[in-house]
Structures are given as structure tokens and as C-alpha cells.
Amino acid sequence: HGTFGVGYFKDDSQIAGSDFGSGVAVDGYATLDQFSLHGEILSADEELASRALGNTTDDATPFSVTGGFLINEQFEAFLRMQDLDNEVDASLIGAGLNYYVNGHATKWQVNVEKYDDDNIDGTVIEAGLSIGHSERY
């Protein structure tokens, strides 16, 4: 199974006389048996790159790639790599685990990432609970 998406973002609100910015995004998600792959990329103009990523003169093309493995019906492990394409070369590489209580409608998530840029390095630890609605037809 797979999905593919394309999006466009434009915000004309003014900040210091300039538009907030615009960008074009492409993403895809695919599964095969127990494996999943998700990727996304954004082409941000100079204004959006400045507002969202702190770039002072350059546009940006941040991206992320995630690979997952469904261990059983309740547990999924994943690896993720993100590059922000900003002026300090920020990137994150990490791993995590999803625990599905009720499919994607209710799940716990734990993620640990190594953050690196030209100025600082660190570790990001995230935990979350997603609660939604799911109907089966």
C-alpha cells in the first residue's frame, strides 16, 4: 500500500515588510508486509526559510526519512533521519517505538534522537500519546 502527496503553502502576512513565505512539499508513505517507509521534502523560499529555520539569506530544502518495522500487532520500531537544511547544518538521527493500543486511533510513542548542528549537540527524548477516532467499514 502507498500514498503520495503534494502541497503548496503561501502566507502573505507581513513581517517587517516581507511576506511570511511559501513552500512546496512532497511526501510519500508505503508499506510492504511488516515494513514501512515514509519520506517528505519541502522546498522553502528565502522568507519561509528565514521565519521557520532561521536562515538569513538562503532558501532551504529540509527533508526527513523514516523506516519502520511492525514487530507484532502492538509494537512498531522505527529509525528516522532529518536534515533541516539551515545555515547551522542542523540534523537529527533517531529511533523510537510505537505501542498501538487501538491501532492509529490510540497509540503511545517514544523517540530518542541525536541532535547536531554547527553550534550545539544534544539528545532529544520525546514521549507522546495520540488519541483519535477510527471507524472500520
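The sections below set out a description of the structure shown in this document. (Residues numbered from 1 in each chain as written. Predicted model: local features only at pLDDT ≥ 70, side-chain atom pairs only at ≥ 80, totals over all residues. Heavy atoms only, no water.)

1. Structural notes on the overall build of the chain
(1) Moving on: Regarding its fold elements, the chain presents 1 helix and 8 strands.
(2) Moving on: Ordered by position from N to C terminus, the α and β elements of the chain give β-β-β-α-β-β-β-β-β.
(3) Moving on: Reported as C-alpha extents along the three principal axes, the dimensions of the chain are approximately 50 × 40 × 25 Å.
(4) Moving on: Considering the chain as a whole, with its 137 residues, one finds that 22% of them fall into the buried category.
(5) Moving on: Counting only contacts in the chain whose residues sit at least 6 apart along the sequence, the fraction spanning at least 24 positions is 33%. (Helix = DSSP H or I, 4+ residues; strand = E, 2+ residues; numbered from the N terminus. Buried < 20%, exposed > 50% of the residue type's maximum accessible area, 1.4 Å probe, protein only. Contact = heavy atoms within 4.5 Å.)

2. What about the sheet that holds strand β7 (residues 106-116)?
(1) Moving on: With antiparallel pairing, the 8 strands of this open sheet are ordered in space as β1-β2-β3-β4-β5-β6-β7-β8. What marks the edges here is a single partner per strand, and that holds for β1 (2-15) and β8 (121-131). Adjacent strand axes in the sheet meet at a mean angle of 15 degrees, parallel and antiparallel pairs treated alike.
(2) Moving on: Helix-sheet contacts for helix α1 (residues 46-53) involve β1, β2 (18-32) and β3 (35-44), and the interaxial angle to β2 is about 80 degrees. (Pairing = 2+ DSSP bridges. Axes fitted to C-alpha atoms, helices over the stretch in contact; angles between N-to-C directions.)

3. Remarks on the pairing of β8
(1) Moving on: Bridge count between β7 and β8: 11 bridges; the pairing is antiparallel. In the sheet register, T106 faces β8, and the bridge partner there is I131.
(2) Moving on: Joining the antiparallel neighbours β7 and β8 is a turn of 4 residues.

4. Digging into the side chain of E76
(1) Moving on: Structurally, E76 can be placed in strand β5 (residues 75-83).
(2) Moving on: Every residue in contact with E76, bar those within four places of it in the chain, is listed here: S36, G68, F69, L70, I71, G96, L97, N98 and Y100.

5. Points about the environment of D83
(1) Moving on: Tracing the backbone shows D83 in strand β5.
(2) Moving on: Expressed as a C-alpha distance, the spacing of D83 and H104, which sit 21 residues apart in the sequence, is 26 Å.
(3) Moving on: Among the polar contacts listed, one links the side chain of D83 to the backbone nitrogen of D85, at a separation of 2.7 Å. (Polar contact = N/O pair within 3.5 Å; in protein donor to acceptor, adjacent residues only side chain to side chain.)

6. Concerning the packing of aromatic side chains
Each pair of aromatic rings is reported with the distance of its centres and the angle of its planes.
(1) Moving on: Within the structure shown, the criterion is met by 3 aromatic pairs.
(2) Moving on: Ring centres 6.5 Å apart and planes at 80 degrees place the aromatic pair F9 and F20 in the edge-to-face group. One end of the pair, F9, is in strand β1; the other, F20, is in strand β2, and 11 residues separate them in sequence.
(3) Moving on: Classification of F9 as partly exposed rests on a relative accessible area of 37%.
(4) Moving on: A relative accessible area of 22% places F20 in the partly exposed class. (Phe/Tyr/Trp six-rings, centres within 6.5 Å; stacked < 30°, edge-to-face > 60°.)

7. Side note on the pattern of salt bridges
(1) Moving on: Inspection of the entire model under this criterion finds 1 salt bridge.
(2) Moving on: Two residues, K10 and D12, come together in a salt bridge whose shortest N-O distance is 3.2 Å. (Salt bridge = Lys/Arg side-chain N within 4 Å of Asp/Glu carboxyl O.)

8. What to know about unusual backbone geometry
(1) Moving on: Look at D85: it is not a glycine, yet its phi comes out positive at around 50 degrees.
(2) Moving on: Relative accessible area serves as the criterion here: at 32%, D85 is assigned to the partly exposed category.
(3) Moving on: The residue D89 is not glycine, and still its phi comes out positive at about 55 degrees.
(4) Moving on: Here D89 shows up in the loop between β5 and β6 (91-100).

Nothing here speaks to function; it is geometry throughout.
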